[in-house]
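Each chain, written out:
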Amino acid sequence: MEKAMRNFFLFLSKNKTLTKAAKKYGLKFGAARFVAGDTLEQAIQVIKEMNDKGLAVTIDYLGEFVDNETEANIMVKNAIEAIKAIAQYGLNSQVSLKLTSMGLDLSDELVLENMQKIMNTAEENHVFITIDMEDFTRCQKTLDMFKHLKMKYENVGTVIQAYLYRTKADMVDLEEYSPNLRLVKGAYKESSKVAFPEKEDVDNNFKEIIKIHLLNGHYTAIATHDDMIIDFVKKFVKNKAIPKEQFEFQMLYGIRPEQQIELVEQGYKMRVYIPYGTDWYGYFMRRLAERPANVMFVLKGIFTK
Ligand code: FDA
């Protein structure tokens, strides 16, 4: 049942008509729990509140299915504005972005040009950029872009998904770049030809890549809400005497906020991923796919309005 629900919401997440309709009609159906607001000003307010609680942040201006240059340019402009605002207000925040928003599906030249504009501003303003990992079909291009940018810029990282069979080989390939990586389980609907279908295998691979990256001495962001993984990391870093400066935990805005604070109180670095903007639909559907309890929360929201 849980698997069928996950597939259903991941299927919905790819629907372009619903994406456009959602964008037009604003934050609905409980999405506000997971999205900080429509505008950068609203996001800045939320970042300040998070920072005051000792939480670091990464912000993401939401955008999916960018299929023309004008839209890609708007995404670039928004990323640049966010970087400048972080510097201007002295916020403890990084920026996360998706290459498809910057024109990945349009042309290799356009996405490279756009990423260089963003990276130049980020470098000038000392803001770290994480390139989110999207579905399998974009994985190689995303890693290639990361490697290309990393040769010129220090302040860039990307994401590795534990559910992919190729992941361990990718980590070996990335090793020479001393990458700062966010490690996740993986959020997209993938075929069993490319990704582990069983949760147990994903969890085991997740633990494996966490160990590899930490032992290689690279900065590691462990992005999960899973207590089993968090406990595993706590024990592993203790046993191997890995300093707290070499890793951080990350969680999504609106998910397990009490645990976020608890980890800060225990002395760990915790970064919250804060999405904002009007294009919230695909992001929201992936969050519903992850956890039936989120669906119940939304249904309650709909029926009590
Ligand atoms: P999982 O979904 O397996 O949940 C495990 C356990 O966590 C649950 O059984 C429950 O105990 C607990 N839990 C989860 N949600 C809860 C809730 N709402 N309330 C209470 N308990 C809850 N993916 C991707 O493909 N590309 C990317 O770039 C990113 N980026 C990214 C950034 C950040 C900061 C995070 C946290 C996640 C991502 N992801 C991602 C998403 C990631 O791949 C994954 O889909 C989600 O994190 C869900 O997986 P978990 O590891 O949380 O465990």
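Just so you know, these numbers come straight off a predicted model, no measurement behind them. (Residues numbered from 1 in each chain as written. Predicted model: local features only at pLDDT ≥ 70, side-chain atom pairs only at ≥ 80, totals over all residues.)

This brings us to helix H9 (residues 227–239). Between its terminal C-alpha atoms H9 stretches 18 Å, which fits the 18 Å expected from 13 residues at 1.5 Å a residue. Positive phi shows up at alanine 241, right after H9, with a value of about 50 degrees. (Helix = DSSP H or I, 4+ residues; strand = E, 2+ residues; numbered from the N terminus. Expected span 1.5 Å × (residues − 1).)

Residues annotated in UniProt with the feature "binding site: FAD" (unreviewed entry) correspond here to Met133, Gln161, Lys185, Gly186, Ala187, Lys199, Thr224 and His225. Along the polypeptide, glutamine 161 turns up in strand S4 (residues 156–161). For glutamine 161, a count of 26 C-beta atoms within 10 Å gives the class buried. Apart from the residues lying within four places of it in its own chain, the contact partners of glutamine 161 are Met133, Thr167, Val184, Lys185 and Gly186. Topologically, threonine 224 is positioned in the loop between strand S6 (220–223) and H9. C-beta crowding within 10 Å serves as the criterion here: with 23 such atoms nearby, threonine 224 is assigned to the buried category. (UniProt positions renumbered as here; feature names shortened; annotations may be inferred. Buried ≥ 20, exposed ≤ 12 C-beta atoms within 10 Å, placed from the backbone. Contact = placed C-beta atoms within 7 Å.)

Here the protein is partitioned into domain 1 (1–27 + 281–305) and domain 2 (35–279). Between domain 1 and domain 2, the residue contacts involve ten residues of the former and eleven residues of the latter. Secondary-structure elements contributing two or more residues to the side of domain 1 that touches domain 2 are helix H1 (2–13), helix H2 (16–25) and helix H11 (281–290). Grouping the constituent residues of the side of domain 1 that touches domain 2 by class yields four nonpolar, three polar and three charged. (Domains from an automatic or database assignment. Nonpolar A, V, L, I, M, F, W, Y, C, P; charged D, E, K, R; others polar.)

With numbering matched to this structure, UniProt assigns "binding site: substrate" (unreviewed entry) to Lys98, Arg286 and Arg287. Here arginine 286 shows up in helix H11. Mapped onto the fold, arginine 287 is located in helix H11.

Attention now moves to the packing of helix H7 (residues 167–174) against helix H8 (residues 199–215). It is the contact of H7 with H8, at a shortest axis distance of 11 Å, that shows an interaxial angle of 10 degrees. The orientation of H7 with respect to H8, classified from their angle, is roughly parallel. Of the two possible hands of crossing, H7 and H8 adopt the one that is right-handed. Contact with H7, carried on its side by Thr167, Lys168 and Met171, involves Asn205, Ile209, Ile212 and His213 of H8 and no other residues of that element. Taken together, the residues of the contact of H7 with H8 sort by class into three nonpolar, three polar and one charged. (Axes fitted to C-alpha atoms, helices over the stretch in contact; angles between N-to-C directions. Parallel < 35°, antiparallel > 145°, perpendicular 65-115°, else oblique. Left-handed = near helix turned anticlockwise from the far one by under 90°.)

A few words now on the sheet that holds S6. Here we have eight strands rolled up into a closed barrel, ordered S1-S2-S3-S4-S5-S6-S7-S8, and parallel in their pairing. Direction aside, neighbouring strands of the sheet carry axes that sit 30 degrees apart on average. Two elements, strand S7 (residues 247–252) and strand S8 (residues 270–276), share four bridges in a ladder whose sense is parallel. Across the sheet, the residue bridging to glutamine 250 is arginine 271, located in S8. (Pairing = 2+ DSSP bridges.)

Here we take up the packing of H8 against H9. The geometry of a pair of packed helices is captured by two quantities: the angle between their axes and the separation between those axes. Their axes nearest at 11 Å, the elements H8 and H9 cross at an angle of 30 degrees. Regarding the angle of H8 to H9, the classification is roughly parallel. The crossing of H8 and H9 is right-handed. Together, Phe206, Lys207, Ile210, Lys211 and Leu214 of H8 and Ile229, Phe232, Val233, Phe236 and Val237 of H9 make up the contact between the two elements. Split into classes, the residues belonging to the contact of H8 with H9 amount to eight nonpolar, no polar and two charged.

Glancing now at the site of the ligand. Around the ligand there are 24 residues in total, and Asp132, Val184, Ala187, Ala223 and Thr224 lie nearest to it. Listing elements by their share of the shell around the ligand, those giving two or more residues are S4, strand S5 (181–184) and S7. Of all the elements, S7 adds the most residues to the shell around the ligand, at three residues. Its residues placed into classes, the shell around the ligand shows ten nonpolar, six polar and eight charged. (Near = placed C-beta within 6 Å.)

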